[in-house]
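Fold and contact review
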Amino acid sequence: MFETLKTQPADKILALMQMYREDPRDTKVDLGVGVYKDATGLTPVMRAVKAAEQKIWETQDTKVYTGLIGDPAYSDAMIELVLDGVVARNTIAAAATPGGTGAVRQAFEMIRMANANARVFVSNPTWPNHLSILSYIGIEAVPYRYFDNETRGVDFDGMPADLKTAKKGDVVLLHGCCHNPTGANLNAAEWDAVIEVLLETGATPMIDIAYQGFGDGLAEDAAATRKLVAAVPECLIAASCSKNFGIYRERTGLLMAIAADPAAQALNQGTLAYLNRQNYSFPPDHGARIVTTILTDDALRSDWMAELEEVRLGMLDLRKQLATELQRLSGSDRFGFLAQHRGMFSLLGTSPEKVELLRKEHGIYMVGDSRMNIAGLNADTVPVLAKAIIDAGV
Ligand code: PLP
Ligand code: TYF
């Protein structure tokens, strides 16, 4: 029967990872997949994660099933990390999921269950998985203007105008911070304007927050999410612990559904448990237990925060180095946006041909849309990249 299957398109980001591995040049530079790397190119296990794993190993006396929504202590810890008490706990339903991707997938399924005709408004561009999962489960994706290729900032003339065409029963997907793939983010006043549009249209917001702590700081990166959640009657949040805890392969995420009142919360909570059961019964526990152990232990939490802050500041420093070097080489400020962007990524805003040229001639691997993972750089490769960008005529 399986001869009827069709070949599916590969994930371009993951395919690039493979190409990089196969390139024999020792001068190659990997700016592809969104994984944090230190100056030596390693993705270390964070100190607090190691310590939490040791604590878990020493104290865990069973590996019996958790609940369908995971361990409630994990939900509580993550709700506090993301929302910090801005709405009453009894209005929030939550379920542990396999990574942020699992949370995104379950959120889309919940949307489809609630309204078979729902459309999901997505930024242009957005993380390719958003589009592919929406298409796979049969939800219409409606792009809204987001990236301005002239300024390499947010097109804030276009974005609210497009969001105004959403209706009650539609969903507006927003990146909570550190937009993937562009690195361009809304400022506080622009978030306020988006909240106004959401209130006017009655569309339901969904926030994907996968990089809390990678932009301006843990609290700063959640500020827009907190403000929005406090202002709107209902909201979905898909959170990932892959990046900020560096536990990519443990598959640790949380889906939150915030309702107007506790009665609606109960319905949401039951739906999240039902969806987990349909897809995998119990969500993975090890990563969630690491996160809970860290967040509920003062010493581990502060050590984790300190290491995360080092990671964040390191990426910010690389941004500044790259912008400065490009300013020197180009004699212009046209690359200043690199220092304004936040998170792991910046969209260079150049053509696929130039991206290919950078790969073939210079061994520089960035995603085809010209997304660069800033964490893939170090003090030695910043000048190499800057020179290649100028030589390629970007
Ligand atoms: N959402 C966005 C925007 C992402 O960039 C990612 C990737 O890290 C995720 C969600 C989910 O990642 P994961 O499933 O690895 O937690
Ligand atoms: O955008 C990225 O590079 C990360 C990692 O299917 C990732 O979000 C990439 C592709 C994918 C899942 C995660």
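This text goes with the structure placed above it.
Residues numbered from 1 in each chain as written. Chains lettered and ligands numbered in written order. Predicted model: local features only at pLDDT ≥ 70, side-chain atom pairs only at ≥ 80, totals over all residues.

With respect to spatial proximity, 15 residues lie near ligand 1, and among them Gly99, Gly100, Thr101, Ser240 and Ser242 are the closest. Looking at the shell around ligand 1, the element that brings in the most residues is helix 4 (residues 99-114), giving four residues. Along the lines of polarity and charge, the residues of the shell around ligand 1 split into four nonpolar, nine polar and two charged. (Near = placed C-beta within 6 Å. Helix = DSSP H or I, 4+ residues; strand = E, 2+ residues; numbered from the N terminus. Nonpolar A, V, L, I, M, F, W, Y, C, P; charged D, E, K, R; others polar.)

The next subject is the site of ligand 2. Surrounding ligand 2, one finds Asp11, Ile13, Leu14, Val33, Gly34, Trp127, Asn129 and Asn180. Among the residues making up the shell around ligand 2, the classes are represented as four nonpolar, three polar and one charged. Two domains each provide a minimum of three residues to the shell around ligand 2, namely domain 1 (10-45 + 306-391) and domain 2 (65-296). (Domains from an automatic or database assignment.)

Two faces belong to every sheet, and in a regular strand the side chains alternate between them. Of all five residues that make up strand 7 (residues 171-175), five are buried, and the element is covered over most of its length. Judged by which residues are buried, strand 7 turns out to be covered on both faces: Val171, Leu173 and His175 on one side and Val172 and Leu174 on the other are all buried. Both strand 3 (residues 119-124) and strand 7 contribute to a ladder of two bridges, which runs parallel. Bridged to phenylalanine 121 within strand 7 is valine 172. Relative to strand 8 (residues 204-209), strand 7 runs parallel, the two sharing five bridges. What sits directly across from leucine 174, in strand 8, is isoleucine 207. Remark: the strand 7/helix 7 (residues 188-201)/strand 8 crossover connection has right-handed handedness. (Buried ≥ 20, exposed ≤ 12 C-beta atoms within 10 Å, placed from the backbone. Pairing = 2+ DSSP bridges. Right-handed = clockwise from strand over helix to strand, strands pointing away.)

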